[in-house]
Amino acid sequence: MLEIVGLAVSFGAAPALRGVGLRVAAGEAVSVLGANGAGKTTLLRAIMRRLPLDAGAIRIAGEDCGRLTTAQIVRRGVALCPEGRQLFQAMTVEDNLLLGAYGSPSRIARARLETVLGRVPWLRARLRQLAGSFSGGEQQMVAICRSLMGAPRLLLLDEPSSGLSPVAIAQIREMLQTVRHEDGMTMLLVEQNVALATALTTRCTVLNRGTVAFEGATASMADAGDLAEAYLGGAPS
Ligand SMILES: Nc1ncnc2c1ncn2[C@@H]1O[C@H](COP(=O)(O)OP(=O)(O)O)[C@@H](O)[C@H]1O
Ligand SMILES: [Mg+2]
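Keep in mind the model is a prediction, meaning the values are calculated, not measured.

1. Focus: the coordination of the magnesium ion (ligand 2)
Stage number 1. Each protein donor to the magnesium ion (ligand 2) is listed here as Thr41 (OG1) and Glu83 (OE); together their distances run 2.0 to 2.5 Å. Separated by 42 residues along the polypeptide, Thr41 in helix α1 (residues 40-47) and Glu83 in the loop between β6 (78-81) and α3 (93-99) bring together distant segments of the chain.
Stage number 2. Thr41 sits in the partly exposed class, given a relative accessible area of 21%.
Stage number 3. Owing to a relative accessible area of 38%, Glu83 belongs among the partly exposed residues under this scheme.

Following this line, the structure appears as structure tokens:
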């Protein structure tokens, strides 16, 4: 579903990604782990074509997508649930969700809203509330639902557990597990929470300062204390 080869991205003279490769098969979930500044968000933004590529290829379902626009990537069925959730705080939850189906006929958007509400039933009674009145965990749930409103075939998630309590993280985990197993959604999950990554993915890629430092079983990150500490524990860089 997603194949990245030799990807390089830089900000001015500063390289953010160098020679990054990654594959996610259809129906698979893969995580990308790494400390702050490792290049995880840059990778997701590059996939969405929000950043120019210096080198490398991004293929989605076999198609070379390195020159497409963001809108074309979205039309290929890729959705990003961004870092920091990025809801419109002064808009209702319903309007935030409908933005996720922007460009679709309203009949289809309404049908997708029903599907999403089937996944998160408590949202129905709270659709008219402002997104800004929701807790962090509730907002993350809405952000994930918004990314599902486009009926994606590949879902990119940027640190969905960030800043949330253990209880909220458990709710996010359950929802993503449902989306993964009942809908068979293909996912690329960026996380620093190894437990969440282990619950949702079998394979992981660890980024360290813009390069792939490790590829293998996500569960091995939970065991390999040294590796986890070196790459995730905020080791001085
Ligand atoms: N818009 C930007 N302008 C300049 N540098 C950036 C920008 N975004 C990210 N970077 C730099 O690129 C590197 C990777 O950042 P990022 O992808 O956000 O890391 P992560 O998501 O893993 O924390 C960091 O060194 C960061 O400072
Ligand atoms: Mg980030």
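2. A look at the pattern of salt bridges
Stage number 1. Counting across every chain of the model gives eleven salt bridges.
Stage number 2. Among the ionic pairs, Arg119 bridges to Glu182, the shortest N-O distance being 3.3 Å. Here Arg119 is found in helix α4 (residues 106-119), whereas its partner Glu182 is found in helix α6 (residues 166-182), with 63 residues between them in sequence.
Stage number 3. Among the residues examined, Glu182 registers a relative accessible area of 61% and is labelled exposed.

3. Structural notes on the packing of helix α5 (residues 136-148) against α6
Stage number 1. Between α5 and α6, whose axes approach to 9 Å, the crossing angle comes to 20°. By the angle class used here, α5 and α6 are roughly parallel. Remark: the crossing between α5 and α6 carries right-handed chirality. Residues Gly137, Gln140, Met141, Ile144, Cys145 and Leu148 of α5 pack against Ala168, Gln171, Ile172, Met175, Leu176 and Val179 of α6.

4. Focus: the pairing of strand β3 (residues 29-33)
Stage number 1. Most of β3 is tucked away, with five of its five residues classed as buried.
Stage number 2. Here β3 shows a buried face lined by Ala29, Ser31 and Leu33 and a second buried face lined by Val30 and Val32.
Stage number 3. Examined bridge by bridge, β3 and strand β8 (residues 186-191) share five bridges and lie parallel to one another. Among the inter-strand pairings, Val32 is bridged to a residue of β8, identified as Val190.
Stage number 4. Of the strand pairs in this sheet, β3 and strand β9 (residues 203-208) are connected by four bridges, and their pairing is parallel. Its bridge partner lying in β9, Ser31 is registered against Cys204.

5. Describing unusual backbone geometry
Stage number 1. One non-glycine residue, Arg85, lies in positive phi territory at about 70°.
Stage number 2. Of note, Arg85 is situated in the loop between β6 and α3.
Stage number 3. Residue class for Arg85 comes out buried when judged on its relative accessible area of 16%.
Stage number 4. Although it is not a glycine, Gln86 sits at a positive phi angle of roughly 55°.
Stage number 5. The topology assignment puts Gln86 in the loop between β6 and α3.

6. What to know about the sheet that holds strand β4 (residues 55-60)
Stage number 1. Spatially, the four strands line up as an open sheet ordered β2-β1-β4-β5, and their pairing is antiparallel. Strands at the two margins of the open sheet, each flanked by one partner only, are β2 (14-24) and β5 (63-64).
Stage number 2. Relative to β5, β4 is paired through two bridges, and the arrangement is antiparallel. Looking at β5, one finds that Arg59 is bridged to Asp64.

7. Here's the deal with the site of ligand 1
Stage number 1. Around ligand 1 lies a shell formed by Phe11, Ala16, Ala35, Asn36, Gly37, Ala38, Gly39, Lys40, Thr41 and Thr42.
Stage number 2. At 2.7 Å from an oxygen atom of ligand 1 is found a side-chain nitrogen or oxygen belonging to Lys40.
Stage number 3. At a separation of 2.8 Å, an oxygen atom of ligand 1 approaches a polar side-chain atom of Thr41.
Stage number 4. Contact with the protein chains covers 57% of the free accessible surface of ligand 1, which is 560 Å².
Stage number 5. With three residues, α1 is the largest single contributor of residues to the shell around ligand 1.
Stage number 6. Taken together, the residues of the shell around ligand 1 sort by class into four nonpolar, five polar and one charged.

8. A few points about the pairing of strand β7 (residues 154-158)
Stage number 1. Burial analysis of β7 places five of its five residues in the buried class, the great majority of the element.
Stage number 2. Here β7 shows no split at all, with Leu154, Leu156 and Asp158 on one side and Leu155 and Leu157 on the other all buried.
Stage number 3. Both β6 and β7 contribute to a ladder of four bridges, which runs parallel. Each residue of the ladder has a partner; that of Cys81, found in β7, is Leu157.
Stage number 4. The sheet contact formed by β7 and β8 spans five bridges and is parallel. Paired with Asp158 across the bridge in β8 is Val190.
Stage number 5. For the crossover from β7 across α6 to β8, the handedness is right-handed.

Reading guide: rules and limits
- Residues numbered from 1 in each chain as written.
- Chains lettered and ligands numbered in written order.
- Predicted model: local features only at pLDDT ≥ 70, side-chain atom pairs only at ≥ 80, totals over all residues.
- Heavy atoms only, no water.
- Donors = N, O, S within 2.8 Å, 3.2 Å for Na, K, Ca; no water.
- Helix = DSSP H or I, 4+ residues; strand = E, 2+ residues; numbered from the N terminus.
- Buried < 20%, exposed > 50% of the residue type's maximum accessible area, 1.4 Å probe, protein only.
- Salt bridge = Lys/Arg side-chain N within 4 Å of Asp/Glu carboxyl O.
- Axes fitted to C-alpha atoms, helices over the stretch in contact; angles between N-to-C directions.
- Parallel < 35°, antiparallel > 145°, perpendicular 65-115°, else oblique.
- Left-handed = near helix turned anticlockwise from the far one by under 90°.
- Contact = heavy atoms within 4.5 Å.
- Pairing = 2+ DSSP bridges.
- Near = heavy atom within 4 Å.
- Polar contact = N/O pair within 3.5 Å; in protein donor to acceptor, adjacent residues only side chain to side chain.
- Areas by Shrake-Rupley, 256 points an atom, 1.4 Å probe, with all protein chains shown as cover.
- Nonpolar A, V, L, I, M, F, W, Y, C, P; charged D, E, K, R; others polar.
- Right-handed = clockwise from strand over helix to strand, strands pointing away.

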